Amino acid sequence: MIRPDDQLRAGHIPADLIPPGSDPRSVVIVHTAPRSWTGPMVVILAATVGICGVVYLTTVAVLSLIEVAAATAVAVKTAIPTLIGGGGLVTLAVKAPKSPRK
């Protein structure tokens, strides 16, 4: 056993860890549990899925709005001649002021 952690897990208590004047049979070494990466990995995965979901839903919403705007523009373009009257050509006339009499 090369590493001290392995020695401690195997139950070998090094002499420098035993307080002077105490019975080595009554010394208990408390070990911490090995680090589990499951929790942090699940959080990272959930955050990634959540961000991708928000981007996807935002893209779908924007594309739907663009589709509605395009359909509305086509409907307005076809309805304007009918609404103005008769479907004929729409012209604008500019009235010029009369010249003063001399």
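Before any of the text, the structure's been laid out above.
Below is a summary of the structure that appears in this document.

Cut-offs used in this document
Residues numbered from 1 in each chain as written. Predicted model: local features only at pLDDT ≥ 70, side-chain atom pairs only at ≥ 80, totals over all residues. Heavy atoms only, no water. Helix = DSSP H or I, 4+ residues; strand = E, 2+ residues; numbered from the N terminus. Buried < 20%, exposed > 50% of the residue type's maximum accessible area, 1.4 Å probe, protein only. Areas by Shrake-Rupley, 256 points an atom, 1.4 Å probe, with all protein chains shown as cover. Salt bridge = Lys/Arg side-chain N within 4 Å of Asp/Glu carboxyl O.

Observations regarding the overall build of the protein
Counting its secondary structure elements, the protein contains 2 helices and 0 strands. The buried share among the 102 residues of the protein stands at 3%. Roughly 9600 Å² of accessible area belongs to the protein as shown, and the carbon and sulfur atoms make up 69% of that amount.

Thoughts on the pattern of salt bridges
Opposite charge on two side chains permits pairing when their charged atoms draw close. Counted according to the given criterion, the structure contains 1 salt bridge. Between aspartate 23 and arginine 25 there is a salt bridge, and its shortest N-O distance comes to 3.4 Å. Residue aspartate 23 is classed as partly exposed on the basis of its relative accessible area of 34%. A relative accessible area of 76% places arginine 25 in the exposed class.

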